[in-house]
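Architecture and fold: a report
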Amino acid sequence: MDDLYFENELKNKKRKTIEESLEKHRVYFNSRDEISGTTEKVFQNFDDVLDIYYSKMFGDTKNYDEICEMTETFKKELTDNALLEMYSKYNFSQEEMEYIKLVQISSTWRGYHYFDVDARYAVIDIFIRAKLIEQFGEKSLQDFRNIIQNDLPKTEKNMKMINHYMQLLSDIPYGENIQNQLENMIDDRTNYCFNQAINCGGYALKIDQCVYPTYQENFSKSVSSILEKFPFVRLLGDKALEADEYLVIYRAPKGKNTGHHFIRVDSDGTVREKDSNGEARIFENWGNLKDCMEAIFAVKKDHKMFGYTSKEINYNNSGLDFEESISKAIKNKQNSFSYHNHFFSLKKSNQDEIYVTTIEGEIVADVVIDENDCLAEVIESKKEYVENASGKIKPIIYEGKLVNYEQFKAEKIYTFDDDGR
């Protein structure tokens, strides 16, 4: 599977959702026999242009009040009921559809950007142009442009309307390169949705949700929780990286400090990261996690990547540390248990002393049970083996590359140091 399959596929899914939402956009006209506030914004003060037009056409036979009434009659064709009827019958051209989608996705109309700007603005724009052509003919568009250029005062109040209608009544009513603008906006929105969907953990583990620290005060429990949540993840520990796995390195501070970070190593040794909702990039440095605790995971390349919910990833965590794992085994009357991808056994000496051994019989910890408490003292030389977090080989990263990547694929990368017990 290609290293970048996950992010490309997630972006494709986000893009498909965006494109489908644009295809299924709904435009509502709810003001019945009234002209809506949105229509007034789009129409602007084009009344003045219509007044001048009618005066030029009928000035010899109509007085001022009659001219104003003709303008009002035209505007009545823009009530929501009238627009709704037109909307139900109108066949939008490809260019018009692209203009509608562009306004919808950008929340921007004629340079006006606001959260409530939607497809209605574009549709009303299209209908005003269509109404002018229907009532006055195609050639009238140039007449209106002449009026705007020559007869309309170039006041600050008029300039926005002038720019709007000089464009709307031209041969390129919705601007140039609409298709390219739309594609660029879809690309931008796709990247935005992708970046919002996943953080460093989702990116590194290749799942479509953010992954947050689970136990800030206990690094071991955080590691256990990751292993519990994701069955396709193991600690690299004392086993070599398999051909169907890739490396993920996790760091978090010891204690109550906030923050954590996952980075991943691709098949060519390139180290990639994603910081929160930022862009994915080549790994730069650990920042304030430089001296923090570290775990190295081996992740199956082929695993479930999509269809997760935030709840199943970040809630109901039950990761245990070593002591809690021992306590659970004792309560469940189990003689063996697993912890951080190693199997351990509980043994009792002739003096009723309890201790923990590896499967091979190596003692790793002494256990004391006091009423409801279970205390485990891990032998100092066995702590690395018990936690199994990073093994003997430490990653060396330089200019975005894991320079000792091949070492992690060797047959044996970790040896258990026998202390003679």
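To keep things clear, this report deals only with the structure shown in the data block. (Residues numbered from 1 in each chain as written. Predicted model: local features only at pLDDT ≥ 70, side-chain atom pairs only at ≥ 80, totals over all residues. Heavy atoms only, no water.)

This part covers the overall build of the protein chain. If you tally the helices and strands in the protein chain, you get 15 helices and 15 strands. C-alpha extents for the protein chain along the principal axes are approximately 120 × 45 × 35 Å. With 421 residues in all, the protein chain has 48% of them scored as buried. Within the protein chain, counting contacts between residues at least 6 apart in sequence, those at least 24 apart form 67% of the total. Computed over 55 positive and 75 negative side-chain charges, the separation of the two mean positions in the protein chain equals 2 Å. (Helix = DSSP H or I, 4+ residues; strand = E, 2+ residues; numbered from the N terminus. Buried < 20%, exposed > 50% of the residue type's maximum accessible area, 1.4 Å probe, protein only. Contact = heavy atoms within 4.5 Å. Lys, Arg positive; Asp, Glu negative; His and termini not counted. Charge placed at Lys NZ, Arg CZ, Asp CG, Glu CD.)

Overall, antiparallel pairing links the 5 strands, which are arranged 9-10-11-12-13 in an open sheet. Both outer strands of the open sheet, strand 9 (336-339) and strand 13 (373-378), are each paired with one neighbouring strand and no more. Across the sheet, the axes of successive neighbouring strands diverge by a mean angle of 30°, strand direction being ignored. Note that strand 10 (residues 342-348) and strand 11 (residues 354-358) share 5 bridges and pair antiparallel. Among the inter-strand pairings, Ser345 is bridged to a residue of strand 11, identified as Thr357. (Pairing = 2+ DSSP bridges. Axes fitted to C-alpha atoms, helices over the stretch in contact; angles between N-to-C directions.)

Quick look at helix 6 (residues 94-106) now. With 13 residues, helix 6 should cover 18 Å at 1.5 Å per step; its first-to-last C-alpha distance of 18 Å lies within 8% of that length. Along helix 6, the residues classified as buried are Glu96, Glu98, Tyr99, Ile100, Lys101, Leu102, Val103, Ile105 and Ser106. Here the buried face of helix 6 lies against helix 1 (5-23), strand 1 (108-109), strand 2 (112-113), helix 7 (119-136) and helix 10 (178-197). (Expected span 1.5 Å × (residues − 1).)

Looking now at a nonpolar patch on the surface. Taken together, the side chains of Ile396, Tyr398 and Val403 make up a nonpolar region of the molecular surface, amounting to roughly 320 Å² of accessible area. Inspection of the secondary structure puts Val403 in the segment after strand 15 (401-402). Judged by its relative accessible area of 52%, Val403 falls in the exposed class. (Patch = residues over 30% accessible without salt bridge, like charges linked within 9 Å, V, L, I, M, F, W, Y side chains within 5 Å. Areas by Shrake-Rupley, 256 points an atom, 1.4 Å probe, with all protein chains shown as cover. Salt bridge = Lys/Arg side-chain N within 4 Å of Asp/Glu carboxyl O.)

Taken in spatial order, the 6 strands of this open sheet run 3-8-4-5-6-7, and their pairing is antiparallel. Each end of this open sheet is capped by a strand with a single partner; those strands are strand 3 (233-235) and strand 7 (280-282). Each strand axis lies, on average, 30° off the axis of its neighbour in the sheet, ignoring direction. In this sheet, strand 5 (residues 261-265) lies alongside strand 4 (residues 245-252) in antiparallel orientation, the contact comprising 5 bridges. Residue pairing for strand 5: Val248 is matched across the bridge by Arg264. Helix 12 (residues 219-229) contacts strand 3, strand 4, strand 5 and strand 8 (293-300) of the sheet and is inclined by roughly 5° relative to strand 8.

The biggest cluster of nonpolar side chains holds 50 residues, and the ones touching the most others in it are Phe46, Leu50, Ile128, Leu132, Phe144 and Tyr165. Residue contacts for Tyr165: discarding those within four places in its chain leaves Val42, Phe43, Phe46, Ile128 and Ile148. (Core = buried A, V, L, I, M, F, W, Y, C linked by side-chain atoms within 4.5 Å.)

Even without being a glycine, Asp352 presents a positive backbone phi close to 60°. Summarising the element assignment, Asp352 is placed in the loop between strand 10 and strand 11. A positive phi angle, close to 50°, is found at Glu399, a residue other than glycine. By the secondary structure assignment, Glu399 is in the loop between strand 14 (397-398) and strand 15. Here Glu399 falls in the exposed class, since its relative accessible area comes to 68%.

Counting across every chain of the model gives 30 aromatic pairs. Relative to Tyr54, the ring of Tyr53 lies with its centre 6.1 Å away and its plane at 70°, an arrangement referred to as edge-to-face. In this pair, the class of Tyr53 matches that of Tyr54, namely buried. Linked through ring pairs, Phe43, Phe46, Tyr53, Tyr54, Phe58, Phe74, Phe136, Phe144 and Tyr165 together constitute an aromatic cluster. (Phe/Tyr/Trp six-rings, centres within 6.5 Å; stacked < 30°, edge-to-face > 60°.)

Moving on to the environment of Asp48. Note that Asp48 resides in helix 3 (residues 47-58). Among the residues examined, Asp48 registers a relative accessible area of 30% and is labelled partly exposed. Sequence separation between Asp48 and Thr71 is 23 residues, and the spatial gap between their C-alpha atoms is 8.8 Å. With residues near it in sequence (within four places) discarded, Asp48 still touches Leu152 and Asn158.

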